[in-house]
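Here is what each chain is made of, one letter per residue.
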Amino acid sequence: MFHKLAAKHLPYPKLLRTAIERRLVTVAFAADGGVSFIISPACGNVREIREAIERRKRWDLRVALAEGALFGVFAVAAAAMLLKQAFR
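UniProt tags residues 63-83 as "transmembrane region" (unreviewed entry). Along residues 63-83 one finds 100% helix and 0% strand; the C-alpha atoms at either end are 30 Å apart.

This is the structure we're talking about:
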């Protein structure tokens, strides 16, 4: 939910951003929120670009994990509040 929105607005690593600006990498967004990175055959440093893409994917994963932790804490707090109200 939130991680899909945040994934669109997270910054790209500098190398990946430069490759996108030079049209060596194309970013394609799927209808379900997925992201694909298409590397041009003209790209000379494919390995470094793939590492930058993996770094970006790790950022997306961290946002998704933080969202899950936030909702988990909220659920526990809400349950604790409801139990406290029920046993007064």
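In the contact formed by helix H2 (residues 14-21) and helix H3 (residues 46-86), the axes pass within 8 Å of each other and the chain directions differ by 115°. In terms of orientation, H2 lies roughly perpendicular with respect to H3. For the element pair H2 and H3, the recorded crossing hand is left-handed. Judged by residue contacts, Leu15, Leu16 and Ala19 of H2 engage Glu48, Ile49, Ala52, Ile53 and Arg56 from H3. A breakdown of the residues in the contact of H2 with H3 according to their chemical character gives six nonpolar, no polar and two charged.

With that settled, the discussion passes to the pattern of salt bridges. Opposite charge on two side chains makes pairing possible when the charged atoms of those side chains draw close. One pass over the full model with this rule turns up two salt bridges. We note a salt bridge from arginine 47 to glutamate 51, for which the minimum N-O separation is 3.5 Å. Taken together, the residues span about one helical turn, with arginine 47 and glutamate 51 both in helix H3 at a distance of four residues. Residue classification places glutamate 51 among the partly exposed positions, given a relative accessible area of 39%. When the shortest N-O distance is used, the salt bridge between arginine 56 and aspartate 60 registers 3.5 Å. Taken as a pair, arginine 56 and aspartate 60 lie in helix H3 at a separation of four residues, close to a single helical turn. Taking the relative accessible area as the measure of exposure, arginine 56 reaches 2% and is therefore buried. Aspartate 60 gets classed as partly exposed once you look at its relative accessible area, which sits at 21%.

Here is what the cut-offs are and how they apply
Residues numbered from 1 in each chain as written. Predicted model: local features only at pLDDT ≥ 70, side-chain atom pairs only at ≥ 80, totals over all residues. Heavy atoms only, no water. UniProt positions renumbered as here; feature names shortened; annotations may be inferred. Helix = DSSP H or I, 4+ residues; strand = E, 2+ residues; numbered from the N terminus. Axes fitted to C-alpha atoms, helices over the stretch in contact; angles between N-to-C directions. Parallel < 35°, antiparallel > 145°, perpendicular 65-115°, else oblique. Left-handed = near helix turned anticlockwise from the far one by under 90°. Contact = heavy atoms within 4.5 Å. Nonpolar A, V, L, I, M, F, W, Y, C, P; charged D, E, K, R; others polar. Salt bridge = Lys/Arg side-chain N within 4 Å of Asp/Glu carboxyl O. Buried < 20%, exposed > 50% of the residue type's maximum accessible area, 1.4 Å probe, protein only.

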